[in-house]
Structures are given as structure tokens and as C-alpha cells.
Amino acid sequence: MTTTEKGKDSASIARQIYVLTGPTENVRAVTHCMTRLRLTLVARSSMLVDSLKKIPGVLGVNDTEEELQIVLGPGRVAKVYDYYTMLLRAARARQELRGETSSGPAADVADGAAKTTPDAGAALHAKIRARNATPVKLFFRRIAHIFLPLIPGFIACGLISGLLNFALKLDPLLVGSGVCQLLGVAGGSVFWGMNLFIGWNTAKEFGGTPILGGTLGALLSHPGLAGVTLAGYPLAPGRGGVISVLLVAGLGAFVEKKIRAHVPEMFSLFLTPLLTLLVTGTAAILILQPLGGLLSDLIGIAATTAIGSGGAVAGFLLAGTYLPMVMLGIHQALTPIHVELLNQYGVTILLPVLAMAGAGQVGASFAGYAKTKNRALRKTIASALPVGMLGVGEPLIYGVTLPLGRPFLGACIGGACGGAVQAAWTVGSATIGISGLPLAAATDHIGVYLCGLLTAYAAGFLAAWLLGFDDPKENA
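Anyway, here's the lowdown on the structure attached to this text. The model shown is predicted, which means the values in this text are computed figures rather than measured ones.

A closer look at the packing of aromatic side chains
Argument step 1. As enumerated under the stated definition, the model contains three aromatic pairs in all.
Argument step 2. For the ring pair Tyr18 and Tyr84, a centre distance of 5.9 Å and an interplane angle of 65° mean the geometry is edge-to-face. One end of the pair, Tyr18, is in helix α1 (residues 3–21); the other, Tyr84, is in helix α3 (residues 76–97), with 66 residues separating them in the sequence. Here Tyr18 matches Tyr84 in class, with each residue buried.
Argument step 3. Sitting above the plane of the Trp465 ring, Lys371 keeps its charged end 4.8 Å from the centroid.
Argument step 4. The cationic tip of Arg378 hangs over the ring face of Tyr369; the distance from NZ or CZ to the ring centre is 4.0 Å.

Overview of a nonpolar patch on the surface
Argument step 1. Residues Met266, Phe267, Leu269, Phe270, Leu271, Leu274, Leu275, Leu278 and Val279 make up a contiguous nonpolar surface patch of about 900 Å² in total accessible area.
Argument step 2. Within the fold, Leu275 resides in helix α12 (residues 265–320).

Topic: the pairing of strand β1 (residues 27–32)
Argument step 1. Strand direction decides the pairing type here: β1 and strand β2 (residues 36–41), joined by five bridges, are antiparallel. Across the sheet, residue Thr31 finds its bridge partner in β2, namely Arg38.
Argument step 2. The antiparallel hairpin formed by β1 and β2 contains three residues in its connecting segment.

As for unusual backbone geometry
Argument step 1. One non-glycine residue, Thr426, adopts positive backbone phi at about 45°.
Argument step 2. Position of Thr426 among the secondary structure elements: in the loop between α18 (406–424) and α19 (446–467).
Argument step 3. With relative accessibility at 38%, the residue Thr426 sits in the partly exposed group.

Some remarks on empty space enclosed by the protein
Argument step 1. On inspection of all chains with the given rule, the structure shows one cavity of 30 Å³ or more.
Argument step 2. By volume, the largest cavity is sized at about 30 Å³.
Argument step 3. Along the walls of the largest cavity sit Ala203, Thr209, Leu212, Gly213, Leu216, Ala249, Gly252, Ala253, Glu256 and Thr276, which together make up its complete lining.
Argument step 4. Mapped onto the lining of the largest cavity, the elements with two or more residues apiece are α10 (210–221) and α11 (241–262).

Some thoughts on the sheet that holds β1
Argument step 1. Judged by pairing direction, the sheet is antiparallel, and its four strands sit side by side in the order β1-β2-β4-β3 without closing on themselves. Two strands bound the open sheet, and with one partner strand each, they are β1 and β3 (60–63). For this sheet, the mean angle separating the axes of adjacent strands, direction not counted, is 20°.
Argument step 2. Across the sheet, α3 lies against β1 and β2, angled at about 155° from β1, the strand it touches most.

Criteria and thresholds
- Residues numbered from 1 in each chain as written.
- Predicted model: local features only at pLDDT ≥ 70, side-chain atom pairs only at ≥ 80, totals over all residues.
- Heavy atoms only, no water.
- Phe/Tyr/Trp six-rings, centres within 6.5 Å; stacked < 30°, edge-to-face > 60°.
- Helix = DSSP H or I, 4+ residues; strand = E, 2+ residues; numbered from the N terminus.
- Buried < 20%, exposed > 50% of the residue type's maximum accessible area, 1.4 Å probe, protein only.
- Lys NZ or Arg CZ within 6 Å of the ring centre and 35° of its normal.
- Patch = residues over 30% accessible without salt bridge, like charges linked within 9 Å, V, L, I, M, F, W, Y side chains within 5 Å.
- Areas by Shrake-Rupley, 256 points an atom, 1.4 Å probe, with all protein chains shown as cover.
- Salt bridge = Lys/Arg side-chain N within 4 Å of Asp/Glu carboxyl O.
- Pairing = 2+ DSSP bridges.
- 1 Å grid on protein atoms, 1.4 Å probe; cavity = no way out; pocket = protein on both sides within 12 Å on 5 of 7 lines; lining within 4 Å.
- Points joined across faces, edges and corners; volume = space filled by probe spheres on them.
- Axes fitted to C-alpha atoms, helices over the stretch in contact; angles between N-to-C directions.
- Contact = heavy atoms within 4.5 Å.

Okay, here's the thing in C-alpha cells:
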């Protein structure tokens, strides 16, 4: 398929999704992560999820009550998001031209999307969403939104670092070459600017001015701190890593909003950023950076102790319980832990363990393919397996193992066995955001990682084969 054809395909998917989820005033918020288009809607019909699943190119749909997650896969999701938001903007522009307010009649797309109005069912759905929108869940969603935009940078830099390390192991004499030195700089570049990026995104997510959040992140990592001593206590650049930045930038957004509410408008341009930086910066240096350092150390100790002391048992339990987290879409809450481990040690030993969950899914799906007589199911499995092996597991979860029932348990068992191998050898990854076969290039023990991957494939296949499933009828 050519680039133009792919673009048309993404535009068609976006239009079909909009027809089912619009009109524009029905869409409260739209975001996306690496694989999913995430929609917060005012009202949903009872058939919405089933209708979305029938759209060609949609790999799965997860209804978490708080939001609707439409699985599209890496690459495609960003394009569909762009087209979907274009449709929203165009509809809103037409409303403005007609003099309508956001609460007025809907402006549907040109091919005629059906209008949706809240009813008793929608009100009930809204109550359910409100009941499930717990502070903890909302907090984790905010944290995920802070880190998700950084993942492409981690992937690029992590793969560069991983491949460079592999090349240097093959030929240590390359270490003195200018090209390798430059690649080393490129591989570490995302970490050099990480505090600025996280500070920016944190302030933005919590309603502050992004550049002030970035400035506070820069303050915490500024090399000039190394020459400062307060009350006999020497300051350390970067102390507390991303945890400190999250605390400081979050507080900065809170302080900024409070100051802006009390400063006269004519002075706000000058006083608000000045006071925000001075007040928050003082709290950062005296309180939050030491606190962030303590929390950061605890995270590092907990993760390394769990894997180092627990070994294969810890890996078995972590990988075996990861698929339900992915199914619920809450696995992104682990991203800050991965990032902090990368910041402290240069690798995250959790990701190779958790990545085995997807490998167990692949093995279980192979078993389903081998056992089923249903041609439609075999076609579904055959189309989802390649992306599953590349680390995108949602199509196999929602299209294969979960609907079949027991194979999902087989996938968890397979992932647990693979996770035990990774943890036993403490395999580390220099990146986040990818899994499956591509992650091998970013690990520090490629051979062991691939061994664990094959273990998860085989154990997932065997477990799903032995557990069996009720083969759906051909006309089902």
C-alpha cells in the first residue's frame, strides 16, 4: 500500500469513527497513546463498541467507562487522530458560521452522521463514569499523559544505545571512532533533556504554563547546582530524577494558578511567572528535591530488590499479571517507574519482564490457530499475529484470547514463564514503549531476551492447547 493509500485509509477510519461517536458536542476530549485513540464522550449507544469493532482497521475496542479506547496500532493511530480532530474542528467551524453554540444542534460530517442526544441511558452511563473516575485512576491518567509524548524519543535513543552497545561488544576497537562517539551522544540525548520535557508536560497537564514547568525542570538539573552549598548541605544536579520534576512542576502549576487569581491583570505578565518561579523554586530546592530523591531511591531499591532477590518467582508473578493491566489500559501508570529506572541505571529491568506477557499472548494465539476449525477465527489470528510478535498485543487480546476465554489464561501463564527467564538473568532494556521482537535490539542481553521470548511463546502455546476452548461455530 502506498503512502497516499495509507493516508486515505486512515482518513476513512477517522470518518467512520466520527460518524459513530459524533456529533462534535458529544466528544468531550480526544487524545491518543502509542496504539489507541482515546475518546471521552457525553453519550454512547449500547451498540457503539460492536459497531466500532466492525470498522476495517480497528484492531479492538476497550470501554473503560471513563473513556473509550480504540486500538489502531502504532503509526496509524497518530494519523487517525489527526483526521479525527480535523473533522471536529471543521464541524465546530461550521457551527460558528451558522451562529450555533457548542450546546446547539450538531454539525455533522458531510456524509451525514446520525445525531446523538443524551437520554436516560446516557445519564446513567455518565453516573457510572463518574463513579469509576476515582482520584487514583484520574491521577494515573494524568501521569500517563505526561510521559506518552516522550516515548518516541525513548524508543529512538534506546535503540541507538542498544545497537551501539551490541556493535561495541563485537568490536571493542570501535569505541574510539568519532561515529561511535557521536552515536553515543545521540543515544543519550533524550535523557539530557528529559527533566525539561517532563516539566513542560507536567505543567501543561495540571493547567500551568508549560515553559515555567520546563524552567523548573531545568533548575533541578542545572549543573551550576553542584557548586552551591546551603546550610552545609551540598546541592546535586538531577537529584530525585523525574520524581522531583513531577513534584516541582505540579506544584508550580498549582502556585501559578493561585497567584494569577490574586495578581491584578495589568501586572500579571510580570509578577505571575516571577513569583511562581521564586516560590516554587525555593520549595523545590529546600523540600521537594530531597523528597523526590528519597522517593526515587525507594523506587530503584524496590524494583531492583524485587527482581534481584525474587528472581524467577518475581518475574513469573509480574509478567503473569500484566495482561489484565493492558486489557484495562492502566499499564501506562508504570511508565514513570520505567523512566526513573532508566534515569538511575541506564536500563529498566521491568520492561523485559513485562514484555513477556505479549509473547505469551502470541503463543496462545498460535495454539488457537492450530486447534480451531473456524475459518473466520483463523483469519483473525493470522492477521493479528504479525503485529503481536512486534509488540502490539491488543488485537490478540480483544480479537482472539479474551473472547475464547481459557486461552487468555494460557497467555498469562506463557507470559509468566517468559518473565521468569528475564528476571532470573536481570535483563535490562535501554528504552521503553516497545516490546516483542523489536525490544531485543535495546536489551543488554539479546540472547537471553530471545530465549525468554521463545519460552513465553512455547509455554503460552502449551498452556492454551491443554486448557482448550469452545470452538465458535462457523456461522457465529
